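Structure at a glance
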Amino acid sequence: FDPNDVFEMHSCRTDPRSRACFQTCASVDWKRFGNMEFKCDVCGIQATEGQLFAMESIPFRGGRSYCQNCHARLQRRFFQAGLVLDIVLGLGGVFLLLRDPGSRAGHCILNLFLIQLFLVLATLPHELAHAVAGRWCGLRVEKIILGFGAPIFAGKALGFNLEIKQIPYGGFTRALEFAGRERLLRLFVFHVAGPVASVVMAAVAWRLGGGTHGAALDLTVSASPWTLFSIANSTLAVHHLFPGTRSTSFGRMPSDGLALLQILFQRRVPSVLQEQETAPVKEVTTARKVAKRFSVLTFATGALVTFACAAFVARAAAGSGASKVLWLAAGLFAALAATFAWGAIWFQRRPWVPSPSHGLAALTRHHEVRTAFRAEINARSFWPPDSNYEKSFHRVQQADATGDFVEATAFLEEAIRWAPDNVALLGWRAMMLGSSGRHDEALAQFAALLAIGDLGLSIRATFLAEQIKAMLRAGRRQMACILCAEYLDEPGLLPEKLFLLDTVAAMPFQERLPHLLQDADQWSLQALALQPENLSLKTTRGAVLAEQGRFDEAVPLLREVHSRSEIEADKGVAAYFLALRAIQLGDRRTAARLMRQARLLQSDGWMRRRLDATPLP
């Protein structure tokens, strides 16, 4: 194995002699090699230099390549199919009990469905326990998220921001710690609160259901809902206490069990390695083995349980005069068992392939560039005490949402005193200066930052885009256009160039600068010509056309994004401008529906302000 060969094959962003290159390139079965062109087998988008497409083996269909958007849609549909299967099994149990109230198979199926339903319901009190404990011990609780996929509700619950998503599996509480003493104790209380709440609710429900320590649990007969709720809470507690990692909208996070182990035995703030971060080879190998064996064990257990259910139902069918309904139920259980068994064999035989970094989390615009930016920043940066990339970036996002750039600038300046060479802090400070109207200071800061010779590709593209935006705000349009054109003529990876063009093209409609729409029209058209199938680029192009009043050209692009994109920010922008078109046509009902979708999907400050300023007729 030669790391330099892998570096050439994959265009890896890391040093070919580093462990990060080995972990990124050598172990990942990605359809991206050399100068060969590959495309997504679903949407047809061509891979650009630096983009990674995932290979998935689908039963009866063979291996297929998926871009990140289509891969996220595949995952969402997989869990949607699981949700539909749960509902079908529940209805099947009700049907069997209506035919025969004493049906043991009907009771078994219905009880399993109710346990799954109670698991969903028990997630909210579990996450509320995290939130209440976090607020009590001095953490800043930002949001409670239930499920994944597209959001269907956003509001307040007991004083906390609550977001409910389309597929009701799992939950997550986002809390940021304040600087101060006893950090580990506060984090311990926060992470232990959820499992403790689940165990307490399980014990109370067990007692209310009349259970005793010696009682035998038989799911083939009518069971108390309290008993089933107790089982669901116990299962939830065990699941969260299992030491592992989870993909969330905020990156990969440790489970409650892993966080507690890190706090108690390693005496450190809970965290997990993110994409392209390095770790000792021994730790990586051990983690891969554990993850692989756990996956095999999970699927094998599912196969055994569902096969036992199939055998039980088949026995009941044979004793009831060959009931067609029972034989159909037995066949469904057998098919499910075969699926689980196939999954166990597949995980056992395939080489280790880590999950894409987004997992079940929401995708972001220009995911490759943003992920590489974070990896490059952490590889070269020292962070102040009680701070890291996530906390600092959160302050920048919060300033963008609220418009309070003065407080964010003061926070960044204080952090720069501790870490004067941290390029992320310097760049974010320049962004805050530009957003608050201090254009000359912002441009001087960007010039000094971009003069550093060893900046990574993604760092340079990100801050060059912000420098061009600062020039446009200051009225230096000609210089901004020259800088943009010079960068596009330089050698480099295409994702960074698409990111630059898309960022500057989106500025006029994000900041309501109509005199720059003609330039934005050219930039968005140029970006879309480089990668015509890119949905994020189509979002920006459609928005620019809509701002110019060219809705006949914009609507087809926006409708395609609204129906196909898995990126919430893109869908939110498409919904907003489609709502403007509906208002223009006098379709108030469609406009109101699209406006509600835009509010749920879009969290950027500029969009919130535009939504508030766009009343329905």
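In what follows, the structure referred to is the one given above.
Here is what the cut-offs are and how they apply
- Residues numbered from 1 in each chain as written.
- Predicted model: local features only at pLDDT ≥ 70, side-chain atom pairs only at ≥ 80, totals over all residues.
- Heavy atoms only, no water.
- Helix = DSSP H or I, 4+ residues; strand = E, 2+ residues; numbered from the N terminus.
- Buried < 20%, exposed > 50% of the residue type's maximum accessible area, 1.4 Å probe, protein only.
- Contact = heavy atoms within 4.5 Å.
- Areas by Shrake-Rupley, 256 points an atom, 1.4 Å probe, with all protein chains shown as cover.
- Lys, Arg positive; Asp, Glu negative; His and termini not counted.
- Salt bridge = Lys/Arg side-chain N within 4 Å of Asp/Glu carboxyl O.
- Core = buried A, V, L, I, M, F, W, Y, C linked by side-chain atoms within 4.5 Å.
- Disulfide = S-S within 2.5 Å.
- Axes fitted to C-alpha atoms, helices over the stretch in contact; angles between N-to-C directions.
- Parallel < 35°, antiparallel > 145°, perpendicular 65-115°, else oblique.
- Left-handed = near helix turned anticlockwise from the far one by under 90°.
- Nonpolar A, V, L, I, M, F, W, Y, C, P; charged D, E, K, R; others polar.
- Patch = residues over 30% accessible without salt bridge, like charges linked within 9 Å, V, L, I, M, F, W, Y side chains within 5 Å.
- Expected span 1.5 Å × (residues − 1).

1. Considering the overall build of the protein chain
A tally of regular secondary structure across the protein chain gives 23 helices and 6 strands. Looking at the protein chain as a whole, 48% of its 617 residues are labelled buried. Long-range pairs, those at least 24 residues apart, make up 60% of the contacts in the protein chain with a sequence separation of at least 6. With an accessible surface of roughly 29900 Å², the protein chain has 61% of that area assigned to carbon and sulfur atoms.

2. Quick word on the side chain of K571
Following the sequence through the fold, K571 ends up in helix 21 (residues 568–584). Buried and unpaired, K571 has E566 as its nearest opposite-charge partner, separated by 6.4 Å. Beyond its immediate sequence surroundings of up to four residues, K571 is in contact with V561, H562, S563, S565 and L601.

3. Let's talk about the environment of L264
Checked against the element boundaries, L264 lands in helix 7 (residues 256–266). Separated by 76 residues in the primary sequence, L264 and F188 place their C-alpha atoms 8.3 Å from one another.

4. Some remarks on the nonpolar core
With 53 residues, the main nonpolar core has I377, L425, W428, M432, F463 and I468 as its most contacted residues. The element contributing the most residues to this core is helix 15 (residues 457–473), with 9 residues. Apart from the residues within four sequence positions on either side, M432 is in contact with V396, A399, F405, A408, T409 and L412.

5. Thoughts on the side chain of N111
Relative to the helices and strands, N111 is located in helix 4 (residues 104–136). On the basis of relative accessible area, N111 is assigned to the buried category, the value being 4%. Setting aside residues no more than four positions away along its own chain, N111 makes contact with L219, V221, A223 and L228.

6. Topic: the state of the cysteines
Tallying each qualifying case throughout the model produces 0 disulfides. For the unlinked cysteine C309, the closest cysteine sulfur is that of C108, found at 4.7 Å. Looking at C309, the relative accessible area reads 12%, which means it is buried.

7. Re the packing of helix 13 (residues 423–435) against helix 14 (residues 439–450)
Their axes nearest at 7 Å, the elements helix 13 and helix 14 cross at an angle of 155°. Here helix 13 is positioned roughly antiparallel relative to helix 14, judged by the angle of their axes. Seen from above, helix 13 lies across helix 14 with left-handed handedness. Taking contact as the criterion, the partners of V423, L426, G427, R429, A430, M431, L433 and G434 in helix 13 are, on helix 14, H439, E441, A442, Q445, F446 and L449. Considered class by class, the residues forming the contact of helix 13 with helix 14 number 8 nonpolar, 4 polar and 2 charged.

8. Quick notes on the pattern of salt bridges
Across all of its chains, the model carries 25 salt bridges by this definition. The partner of R550 in a salt bridge is E553, with the nearest N and O atoms 2.9 Å apart. R550 gets classed as partly exposed once you look at its relative accessible area, which sits at 28%. The class for E553 is partly exposed, based on a relative accessible area of 39%. Ionic pairing is found between R599 and D612, a salt bridge with its closest N-O pair at 3.2 Å. One end of the pair, R599, is in helix 22 (residues 588–601); the other, D612, is in helix 23 (residues 605–612), and 13 residues separate them in sequence. Residue class for D612 comes out exposed when judged on its relative accessible area of 59%. Put simply, K143, E163, K165 and E568 are held in one network by salt bridges that share partners.

9. Focus on the packing of helix 15 against helix 17 (residues 494–510)
At their nearest, the axes of helix 15 and helix 17 sit 9 Å apart, and the two run at 25° to each other. As the angle between them shows, helix 15 and helix 17 are arranged roughly parallel. In this structure, the crossing between helix 15 and helix 17 has a hand that is right-handed. Taken together, the residues of helix 17 that come into contact with helix 15 (itself represented by L457, S458, A461, T462, L464, A465, I468, K469, L472 and R473) are E496, F499, L500, T503, V504 and M507. Here the contact of helix 15 with helix 17 is composed, by residue class, of 10 nonpolar, 3 polar and 3 charged.

10. So, a nonpolar patch on the surface
On the surface, V196, V200, V204, L208 and W226 cluster together to form a nonpolar patch covering roughly 460 Å² of accessible area. Per-element tally for the nonpolar patch: the top contributor is helix 5 (residues 183–208), with 4 residues. Take V200: it is sitting in helix 5. With a relative accessible area of 47%, V200 lands in the partly exposed category.

11. So, helix 22
Under the 1.5 Å per step criterion, the end-to-end length of helix 22 is 20 Å for 14 residues, consistent within 8% with the ideal 20 Å. Residues of helix 22 that are buried: A591, A592, L594, M595, A598 and L601.

12. So, unusual backbone geometry
Positive phi, normally seen in glycine, also occurs at R267, with a value near 55°. Mapped onto the elements, R267 comes out in the loop between helix 7 and helix 8 (281–318). Despite not being glycine, R512 has its phi angle at roughly 55°, a positive value. Tracing the backbone shows R512 in the loop between helix 17 and helix 18 (517–530).

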